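The residues making up each chain are set out below.
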Amino acid sequence: GGQQRISRIVTVTGGGVADPCNVEARLGTAVATLIAAAGGYRNDPQRLVMGGPMMGIALPDDALPITAATNCLLAATAAELPGLPGEPELACIRCGACLEVCPARLAPQDLLVADRAGDLAALGSLGLAECIECGACDYVCPSHIALTRRFVAGKARLAADSAARAAAARAAERFDARNARLARTAAERERELAAQLPPAGSPR
């Protein structure tokens, strides 16, 4: 019943491991240890995904630990990820496959149009910041379009644009505040000068 789980069975698979297998591993074990249990890397894997190709999350490295939710580790080669280099990109055919698999409920095909147009406002309103970079859209794209890479770059551009706008707004505030301060100083100086001058019409 209420026993705390301390280990789980993890499927370690993909063309990027030598000997795909199921491994019972303690929670907190490094991903690298499970890869070693599957015979280590081979065929130059391009992406390490925790959770499988569709709903999985791309890992930045294999030092991360497994959790109770880790059911699958996929060491994917370029051939298993059509959106990665190696396959020529074709035109988007608006098939909607990316739309169906996106766990963040985004519209990757619309984001692609906005990205190609360099339309940062559209990328923002279409929710690009919510992309979790899982690679599911790359995986299902029949045109081999590297959507995830584009979206990562697009998020960086959005962040830079947002930072630039914030900096410009702060500079405009400082400029307005400076002008207001100069105007106040000039008005005070005029009042001081007026106080020192004799009233109009009085004898000099």
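Small disclaimer: the values here were computed from a predicted structure and weren't measured.

Engineer: Could you give me a rundown of the packing of helix α3 (residues 108–117) against helix α6 (residues 147–196), with the residues and numbers involved?
Structural biologist: Put simply, α3 and α6 touch, their axes get as near as 10 Å, and they point 55° apart. As the angle between them shows, α3 and α6 are arranged oblique. Note on packing geometry: the crossing formed by α3 with α6 is left-handed. For the pair α3 and α6, contact is made by Pro108, Leu111, Leu112, Asp115 and Arg116 and by Leu147, Arg150, Phe151, Gly154 and Arg157, respectively. For the contact of α3 with α6, the per-class residue count stands at 5 nonpolar, 1 polar and 4 charged.

Engineer: I'd like a rundown of the sheet that holds strand β1 (residues 7–13), residues and numbers included.
Structural biologist: A sheet is described by the order of its strands in space; here 5 strands give the open sequence β2-β1-β5-β3-β4, paired in mixed fashion. Strand pairing shows two members of the sheet lacking a second neighbour, β2 (21–26) and β4 (57–58), which therefore form its edges.

Engineer: I'd like a rundown of unusual backbone geometry, residues and numbers included.
Structural biologist: Of note, asparagine 43 is a non-glycine position whose phi angle comes to about 55°, a positive value. Mapped onto the fold, asparagine 43 is located in the loop between α1 (31–37) and β3 (47–50). The backbone of arginine 94 shows a phi angle near 55°, a positive value even though the residue is not glycine. Assignment of secondary structure puts arginine 94 in the loop between β5 (72–76) and α2 (97–101).

Engineer: Talk me through the nonpolar core; I want residue IDs and the actual numbers.
Structural biologist: Judged by nonpolar contacts, the single largest core of 16 residues is most densely connected at Leu111, Leu123, Leu128, Leu147 and Phe151. Secondary-structure elements contributing two or more residues to this core are α3, α4 (120–125) and α6. Formed by 15 residues, the second largest nonpolar core is a distinct cluster that contains Val17, Ile35, Leu48 and Ala75.

Engineer: So what about the environment of threonine 148? Which residues, and what values?
Structural biologist: Positionally, threonine 148 belongs in helix α6. Residue class for threonine 148 comes out buried when judged on its relative accessible area of 6%. Residues threonine 148 and glycine 135, 13 residues apart in the sequence, show an inter-C-alpha distance of 5.7 Å. Leave out the neighbours within four places in its chain, and threonine 148 touches Arg47, Glu133, Gly135, Cys137 and Asp138.

Engineer: Run through α6, naming residues and quoting values.
Structural biologist: Its 50 residues give α6 an end-to-end C-alpha distance of 73 Å, which sits within 8% of 74 Å, the value for a rise of 1.5 Å per residue. The secondary structure elements touched by the buried residues of α6 are β3, α2, α3, α4 and α5 (136–140).

Engineer: Explain the pattern of salt bridges to me, and be specific about the residues and the numbers.
Structural biologist: A full pass over the atoms with the stated rule returns 7 salt bridges. With a shortest N-O distance of 3.7 Å, arginine 47 and aspartate 138 are connected by a salt bridge. With arginine 47 in strand β3 and aspartate 138 in helix α5, this residue pair connects regions lying 91 residues apart in the sequence. Here arginine 47 and aspartate 138 have matching classes, each one buried. In this structure, a network of salt bridges that share partners links the residues Glu89, Asp115, Arg116, Arg150 and Arg157.

Conventions adopted
Residues numbered from 1 in each chain as written. Predicted model: local features only at pLDDT ≥ 70, side-chain atom pairs only at ≥ 80, totals over all residues. Heavy atoms only, no water. Axes fitted to C-alpha atoms, helices over the stretch in contact; angles between N-to-C directions. Helix = DSSP H or I, 4+ residues; strand = E, 2+ residues; numbered from the N terminus. Parallel < 35°, antiparallel > 145°, perpendicular 65-115°, else oblique. Left-handed = near helix turned anticlockwise from the far one by under 90°. Contact = heavy atoms within 4.5 Å. Nonpolar A, V, L, I, M, F, W, Y, C, P; charged D, E, K, R; others polar. Pairing = 2+ DSSP bridges. Core = buried A, V, L, I, M, F, W, Y, C linked by side-chain atoms within 4.5 Å. Buried < 20%, exposed > 50% of the residue type's maximum accessible area, 1.4 Å probe, protein only. Expected span 1.5 Å × (residues − 1). Salt bridge = Lys/Arg side-chain N within 4 Å of Asp/Glu carboxyl O.

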